[in-house]
Amino acid sequence: MTSTDDPLAVALFSEMFMADQLARNRLSRALPKGMELSHFSVLNQLARTGDEKTPAQLARIFHVTRGAMTNTLGKLEWAGHVHIRPDWDDARRKFVSISPSGRKARDAALEAIAPILTATVAEIGTDRVRAALPVIREMRVRLEEDG
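Residues numbered from 1 in each chain as written. Predicted model: local features only at pLDDT ≥ 70, side-chain atom pairs only at ≥ 80, totals over all residues. Heavy atoms only, no water.

Focus on the pattern of salt bridges
And then number 1: Here the structure, examined in full by the defined rule, presents nine salt bridges.
And then number 2: Arg24 is the salt-bridge partner of Asp20, the closest N and O atoms lying 3.0 Å from each other. A residue pair is termed a helical-turn pair when its members lie 3 or 4 positions apart in one helix, as Asp20 and Arg24 do in helix α1 (residues 7–30) at four residues.
And then number 3: As a salt-bridge pair, Asp87 and Arg93 come within 2.9 Å of each other at their nearest N and O atoms.
And then number 4: According to the relative accessible area criterion, Asp87 is buried, its value standing at 7%.
And then number 5: Relative accessible area serves as the criterion here: at 40%, Arg93 is assigned to the partly exposed category. (Salt bridge = Lys/Arg side-chain N within 4 Å of Asp/Glu carboxyl O. Helix = DSSP H or I, 4+ residues; strand = E, 2+ residues; numbered from the N terminus. Buried < 20%, exposed > 50% of the residue type's maximum accessible area, 1.4 Å probe, protein only.)

Here is the structure:
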């Protein structure tokens, strides 16, 4: 068997891609009006860490181009959900932090999608999800290393 016709690998990645597409679709529809999944993801990251990040750091975290992150941050700043300030030591660099409005928007989005996430885990079973997480996490780490 060659590396191009491994049915297990093809089946695994096919299921992952389809699950990703379905999850994104379902969560996007549940988000508050005007919020995109990318907006929620950035707000959630900033809220969870509590730290300022540079646009370049956020682009690396989400594996997107700097241009794509700049676009997302521009929309979030326009909505008043993030503060973008210059780096006082290096004027070429900027720092991004979540605003109180952004925290509220993130919380509202989380409240909207939480029932979907909770129901999915409950239907599959918490023990089975816990058992799958280490494998999925290891796959993510390996794919990040290869990227």
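Structural notes on the environment of Leu73
And then number 1: Checked against the element boundaries, Leu73 lands in helix α4 (residues 66–78).
And then number 2: For Leu73, a relative accessible area of 2% gives the class buried.
And then number 3: The spacing of Leu73 and Ser28 is 45 residues in sequence and 18 Å in space, taken between C-alpha atoms.

Quick look at helix α2 (residues 37–49)
And then number 1: For α2, spanning 13 residues, the distance from its first C-alpha to its last is 18 Å, which sits close to the expected 18 Å at 1.5 Å a residue.
And then number 2: Those residues of α2 lying buried are Leu37, His39, Phe40, Val42, Leu43, Asn44, Gln45, Leu46 and Ala47.
And then number 3: Where α2 is buried, its residues meet α1, α3 (55–62), α4, β1 (82–86), β2 (94–98) and α5 (100–124).
And then number 4: With its phi angle positive at about 75 degrees, Gly50 sits one or two positions after the end of α2. (Expected span 1.5 Å × (residues − 1). Contact = heavy atoms within 4.5 Å.)

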